[in-house]
Amino acid sequence: QVRLVESGGGLVQPGESLRLSCVASGSIFSIPTMAWYRQTPGNQREFVARTVTPASTFYADSVEGRFTISRDNSQNTVYLQMNSLKPEDTAVYFCNAIAQWQPVAPPTNYWGQGIQVTVSS
């Protein structure tokens, strides 16, 4: 099993920045993909950003140019640097990982518990 724990959320004003972190722990052989999603009340969880080893990154159009995803493979950690935040970025942000706990195990999808980000003046 892989456990994902997010940190770094909070309340900021429009135009400010936040950096989210997500640490993966447990039985880990490899984590080919780590990503961030977000969800607002009454809506489906939506894709924000993804990093795929060795170094590919993908972003939702709504955050392209403002958010940056990165990872520290030595620490099994993924980051989401969020700049120029807008009120519409307000959501619960979820860390996602597709991981293998051993070489022959199938890739499995894991989710963190979510962390609140609120952008408001």
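Right, let's walk through the structure included here. Not measured: the values here are computed from a predicted model.

**Brief notes about the overall build of the protein chain**
- Broken down by element type, the protein chain carries zero helices and eleven strands.
- When the helices and strands of the protein chain are read in sequence order from the N terminus, they spell out β-β-β-β-β-β-β-β-β-β-β.
- Against the compact-globule benchmark of 14 Å for 121 residues, the protein chain has a radius of gyration of 14 Å, which places it among compact chains.
- Oriented by its inertia axes, the alpha-carbon framework of the protein chain measures out at about 50 × 25 × 20 Å.
- A burial count over the protein chain gives 40% of its 121 residues as buried.
- For the protein chain, restricting intrachain contacts to residue pairs at least 6 apart in sequence, the fraction spanning at least 24 positions comes to 56%.
- In the protein chain, which carries 8 positive and 8 negative side-chain charges, the distance between the mean positions of the two groups comes to 6 Å.

**Some thoughts on the pattern of salt bridges**
- Scanning the entire structure with this criterion turns up three salt bridges.
- Linking Arg38 and Asp89 is a salt bridge whose minimum nitrogen-to-oxygen distance equals 3.0 Å. Placement of Arg38 in strand E4 (residues 30–39) and of Asp89 in the loop between strand E8 (77–82) and strand E9 (91–100) is noted, with a sequence separation of 51 residues between them.
- Looking at Asp89, the relative accessible area reads 1%, which means it is buried.

**Digging into the pairing of E9**
- Among the ten residues of E9, eight are classified as buried, and the element is accordingly described as predominantly covered.
- Inspection of the sheet shows E9 paired to strand E11 (residues 115–119) by three bridges, in the antiparallel sense. Residue pairing in the sheet places Tyr93 in a bridge with Ile115 of E11.
- Two strands pair when backbone bridges link them, and E9 and strand E10 (residues 108–111) are joined in this way by four bridges, in the antiparallel orientation. What sits directly across from Ile98, in E10, is Asn109.

What counts, and at which threshold
Residues numbered from 1 in each chain as written. Predicted model: local features only at pLDDT ≥ 70, side-chain atom pairs only at ≥ 80, totals over all residues. Heavy atoms only, no water. Helix = DSSP H or I, 4+ residues; strand = E, 2+ residues; numbered from the N terminus. Rg over C-alpha atoms; globule rule 2.2 N^0.38 Å. Buried < 20%, exposed > 50% of the residue type's maximum accessible area, 1.4 Å probe, protein only. Contact = heavy atoms within 4.5 Å. Lys, Arg positive; Asp, Glu negative; His and termini not counted. Charge placed at Lys NZ, Arg CZ, Asp CG, Glu CD. Salt bridge = Lys/Arg side-chain N within 4 Å of Asp/Glu carboxyl O. Pairing = 2+ DSSP bridges.

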